[in-house]
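# Working through the structure, step by step
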Amino acid sequence: YNAAMALWALVDGIKGQNGVNDVYSLLEVASLGGDDEYPLRPNNETFKTLFIVNSKIDDRFSFERAKLWLDKIQQISDSICFEAFIPDANIFNAALSSLSKKSNANPTDNPYAKILHRYGKKYDGGFKRVNECSNAEAIDVAKWLLYAEECGVNPNIEMYEAVIQAWIKTGTKDGLLIAEEWAKRAILSSAPTRLETFHPIISSWALCQFDRAPDRVKEWIRQLSALSASKPHLKPDLNTLSAQIIAWRNVQAGMIAHLEKTKQSSSEENEMVFAAAQNCTQFLEEMLLDGSKLEGPQDAAALTTMFTHTIQAWGCASRFALLHPTSSVSLDTSHGVHEMLKIARLFYSRIDGDESKENAQHILCLIGKSYAEIASQMHQIDSAVDSDDATTCYFLLKFAHVERMLREYDFYSRKHFSQSSSFTSESKAVRHRLYKEILRGCAGVKSSTDDEHVVSVCKLIMDHLSWQNEQCHASGGSSGRVGVEEDITDIYVDIALLAKTVVKSPQERMYILTQVHTNASPFFSRRRKFDASSYATVDRARLMGAMRIAMGESESELTEPFLRNFDERPPKRRTRGNNAMSFVHEMMNKNRNNRR
C-alpha cells in the first residue's frame with residue numbers, strides 16, 4: 001500500500017492527491033475488516049505520504065491545510081493504530097518536501113554546470129514585483145516551522161531550507177532579505193547547517209544585477225569562511241566562490257542595458273562598465289593565487305564558469321566602448337581586447353606539469369572553452385558595427401594571439417592524450433567549438449595581406465583533426481569507438497568557403513580546395529563500416545556544394561572540370577559469364593544437352 005501511495009505521490013496536481021487518498025482508503029478498509037493475527041495498520045511512512053499530497057491547495061503549500069491534516073492523522077492514529085503517533089521533524093518536513101524537490105531541479109544537461117543558478121533563476125535579470133500568491137506561500141511555510149517549534153519539535157535543516165527557498169521563490173528584494181534572516185536563524189539553531197543551505201541566497205544576489213550585489217555575495221563568502229573554522233564543511237568551494245564573478249558580470253549586464261535604454265554615454269558610465277570587468281579579473285587572479293587543486297568535475301565546471309564570465313565581461317565592455325565612444329583614451333575597445341587576451345595567460349598558473357590524467361582532462365576542457373569564448377567575443381566585437389564603417393578588425397589585429405592559442409591547445413592535447421579512450425564526447429565537442437569559433441572570426445578578415453595567416457590556421461585545424469582520427473584508428477579503428485561520431489561537416493565547409501574569400505588566384509584556390517577534400521575524405525561515409533572513421537563524420541555532398549560555391553561564377557569554366565576530379569568512381573560491373581557461378585551453370589546446361 002505504501003509503495004502504491006508513493007507512486008501516486010509522484011503525479012502532480014489533484015490527480016496524484018486523489019490517487020494517494022484512494023489507496024489509503026483501501027488500506028483503511030483492510031485494516032478494519034480483517035481478523036488476522038498481524039493486521040495491516042498505517043505507519044509513519046503512510047502518514048508522510050498523506051502529508052506530502054494533502055498539505056497543498058492548487059499546488060501551493062497551505063499552513064491551515066497542513067495543520068488540518070496533522071490533526072486528522074493524529075485522529076486516525078488514535079483510532080486504528082497500535083502505537084501512538086508522535087509527530088517529529090521528519091513528519092513536519094514531509095509537508096514541505098515537494099517544495100525543496102522543485103527547487104533542486106536542475107534544468108541543465110551538464111550536472112555540474114550552473115549548480116549555483118538552479119535556485120536563483122527568479123532573480124535573473126533583476127528583482128521582481130511583489131506577487132501576493134508567492135508571498136502567501138512563503139509566509140505559510142515560515143508559520144509551519146514556527147508551529148513545529150510550538151509543538152516542541154526542533155526543526156531540521158530541511159525545514160529551514162524550505163523556508164529560505166520559499167522566500168527566494170518570490171523573486172523580490174524583500175523576499176531575499178527575509179531569506180537572509182532565516183539563514184542566520186538556521187546558523188544559530190541546533191540544526192546542522194550545510195553549504196547548500198546558503199546557495200539560494202548567494203545565487204540570487206549573484207543574478208539580480210543590483211549594484212550592491214557583489215558586496216552581499218562577498219559578505220556571505222566571508223561569513224561562511226569564518227564559520228568553517230569550527231565547521232569545516234561550510235568552507236566555500238569553487239562553485240560558491242564563482243558567484244562573486246557572476247555577480248559582477250550581471251551588474252555589468254544590467255548597467256549596459258540601462259545605459260542603452262536611456263541613451264546615456266559618458267566617460268563615467270564607460271569607466272563603470274570597465275570597472276566591473278576589472279573586478280572579475282581581480283577576483284579570478286586572487287582565487288588562482290590561492291593555489292587550491294581541482295577536485296573533480298564540479299570544481300572544473302566552476303572554474304570554467306569563472307573564466308568564461310570574466311572573458312564575457314571584457315568582451316561586453318569592448319563592444320560597449322566601440323558602440324558608445326567617449327573621450328577616454330585608456331578605456332577603449334583596444335584595452336578591453338588586450339585584457340581579454342591576458343586571461344588566456346592565466347591558465348599556466350594552474351598547470352604544474354604533473355597533473356593527473358583526470359585533472360589534465362579538466363584543464364584541457366577549461367582551456368578549450370575559454371579560448372573558444374575569446375575567439376567568439378572577438379568576432380562579436382568585429383560584428384558590433386557595420387563592416388563598411390569598421391576601421392579596425394580586432395580579430396585580424398590579434399591574429400598572432402589566436403594562432404598561438406590554437407597551437408597551445410593542440411600541444412597540451414598531444415602531450416597528455418594520445419589514445420582514443422581520452423577522446424570523450426565532451427572533449428570532442430569543446431575542440432570542435434574552438435575550431436568553429438576561430439573560423440567564424442577568420443571569415444571577417446578582409447585584408448589580403450593576411451591571407452596566408454588564415455590559410456595557415458585552416459591547415460592547422462585540419463592537421464589537428466587528422467591527428468585525432470589517426471589516434472582513434474591506431475587504438476583499434478571501429479572497434480575502439482568512443483561513442484556516436486560527431487558530424488564535423490561545418491568545419492570543412494567553413495574552410496572551403498574561406499578559400500573563396502582569402503585566396504584570389506583560381507589555381508591556388510583549387511590547390512587549397514583539393515587539400516580540404518583530401519583531409520576531409522577519411523571522414524566520409526563508407527559502405528563498409530570497418531573502413532569508416534571512428535572519430536567523426538563529414539557529409540561529402542555538403543562539402544562538394546561548398547567547394548562549388550568557393551570556385552565562384554567567375555571561374556565557371558574551371559569549376560566543372562575541377563569538381564569532376566572528385567567524382568566517386570562507380571563500381572565496375574562484372575560481365576555475365578565471367579565468374580565461377582556462370583561457368584558452373586554453363587557446364588550444367590551442356591551436360592543436359594548431351595543427355596538429350
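Look above for the structure.
Anyway, here's the lowdown on the structure attached to this text. (Residues numbered from 1 in each chain as written. Predicted model: local features only at pLDDT ≥ 70, side-chain atom pairs only at ≥ 80, totals over all residues. Heavy atoms only, no water.)

## Describing the overall build of the protein
What counts, and what does not: In this description a helix means any DSSP run of H or I spanning at least four residues, a strand means any run of E spanning at least two, and both kinds are numbered starting from the N terminus. Any residue under 20% of the maximum accessible area for its type is buried, any over 50% is exposed, and the rest in between are partly exposed; the area is computed with a 1.4 Å probe on protein chains only. Any two residues whose heavy atoms approach within 4.5 Å at even a single point are treated as in contact. In these tables, accessible area is a Shrake-Rupley quantity obtained with a 1.4 Å probe, and a residue counts as shielded only by the protein chains included in the view.
Secondary structure summary: the protein contains 26 helices and 4 strands in total. Buried positions account for 49% of the 596 residues belonging to the protein. Sequence-distant contacts in the protein: of pairs separated by 6 or more residues, those separated by 24 or more amount to 76%. When the accessible surface of the protein is totalled, it reaches about 30300 Å², and 51% of it is carbon and sulfur.

## Details of unusual backbone geometry
Positive phi is not limited to glycine here, since Asp-59 has a value of about 65°. By the element assignment, Asp-59 lies in the loop between strand E1 (56-57) and strand E2 (60-61). Classification of Asp-59 as partly exposed rests on a relative accessible area of 34%. Here the phi dihedral of Gln-209 falls at roughly 70°; this positive angle occurs in a residue that is not glycine. When you line up the elements, Gln-209 lands in the loop between helix H11 (199-207) and helix H12 (213-227).

## Regarding the state of the cysteines
Quick note on the threshold: Disulfide: a pair of cysteine sulfur atoms within 2.5 Å of each other.
Scanning the model with the defined rule gives 0 disulfides in all. No disulfide involves Cys-442; its sulfur sits 5.7 Å from the nearest other cysteine sulfur, which is in Cys-458. Cys-442 gets classed as buried once you look at its relative accessible area, which sits at 0%.

## Concerning the pattern of salt bridges
Note that side chains of opposite charge can pair when their charged atoms are close. Threshold: Salt bridges are counted wherever a side-chain nitrogen of Lys or Arg sits within 4 Å of a carboxyl oxygen of Asp or Glu.
Applying the stated criterion across every chain yields a total of 20 salt bridges. Its salt-bridge partner being Glu-408, residue Arg-345 comes within 2.8 Å of it at the nearest N-O pair. Of this pair, Arg-345 sits in helix H16 (residues 333-345) while Glu-408 sits in helix H19 (residues 399-416), and the two are 63 residues apart along the sequence. With relative accessibility at 36%, the residue Arg-345 sits in the partly exposed group. What makes Glu-408 buried here is its relative accessible area of 14%. With a closest N to O distance of 2.7 Å, Arg-542 and Asp-490 form a salt bridge. Placement of the pair is Arg-542 in helix H24 (residues 540-551) and Asp-490 in helix H22 (residues 489-502), with a sequence separation of 52 residues. What you see here is one network of salt bridges that share partners, running through Glu-373, Arg-433, Glu-437 and Arg-440.

## Comments concerning the packing of helix H23 (residues 506-520) against H24
Filter applied, for reference: For every element, the axis is a line fit to its C-alpha atoms; helices are fit only across the contacting stretch, and the angle between N-to-C directions ranges from 0 to 180 degrees. If an angle is under 35 degrees, it is roughly parallel; if it is over 145, roughly antiparallel; if it lies from 65 to 115, roughly perpendicular; otherwise it is oblique. Three classes are used, and their members are as follows: Ala, Val, Leu, Ile, Met, Phe, Trp, Tyr, Cys and Pro are nonpolar, Asp, Glu, Lys and Arg are charged, and the others, Gly among them, are polar.
At a minimum axis distance of 11 Å, the contact between H23 and H24 shows a crossing angle of 170°. With respect to H24, the axis of H23 lies roughly antiparallel. The segment H23 lies against H24, with Arg-509, Met-510, Leu-513, Val-516, His-517 and Ala-520 engaging Arg-540, Leu-543, Met-544, Met-547, Ala-550 and Met-551. Residue composition of the contact of H23 with H24, by class: 9 nonpolar, 1 polar and 2 charged.

## A look at the packing of aromatic side chains
Geometry of an aromatic ring pair is reported as the spacing of the ring centres plus the angle between the planes. Which entries qualify depends on this criterion: Each pair of aromatic rings taken from Phe, Tyr and Trp, with Trp reduced to its six-membered ring, is defined by centres within 6.5 Å and is described as stacked if the planes are under 30 degrees apart, edge-to-face if over 60, and tilted in the remaining cases.
A complete count under the given rule lists 19 aromatic pairs for this structure. Ring geometry for Phe-51 against Trp-144: centres 5.8 Å apart, planes inclined by 80°, an arrangement best described as edge-to-face. Of this pair, Phe-51 sits in helix H3 (residues 44-54) while Trp-144 sits in helix H8 (residues 132-150); the two residues are 93 residues apart in sequence, bridging distant segments of the chain. When its relative accessible area of 1% is taken as the criterion, Phe-51 is described as buried. Exposure remark for Trp-144: the relative accessible area of 0% places this residue in the buried category.

## Side note on the packing of H11 against helix H13 (residues 238-262)
Between H11 and H13, whose axes approach to 7 Å, the crossing angle comes to 25°. In terms of axis orientation, H11 runs roughly parallel to H13. Touching His-199, Ile-202, Ala-206 and Leu-207 of H11 are Asn-239, Thr-240, Ala-243, Ile-246, Ala-247 and Asn-250, all from H13. Broken down by class, the residue content of the contact of H11 with H13 amounts to 6 nonpolar, 4 polar and no charged.

## Topic: the nonpolar core
Going by this rule: Here, nonpolar core refers to any group of buried Ala, Val, Leu, Ile, Met, Phe, Trp, Tyr and Cys residues whose side-chain atoms link them within 4.5 Å.
Judged by nonpolar contacts, the single largest core of 172 residues is most densely connected at Trp-144, Phe-395 and Tyr-492. Sorting elements by how many residues they give to this core places helix H17 (residues 357-383) first, with 12 residues. Excluding residues within four positions of it along the chain, Tyr-492 makes contact with Met-462, Leu-465, Val-516, Asn-519, Ala-520, Phe-523, Val-538 and Leu-543.

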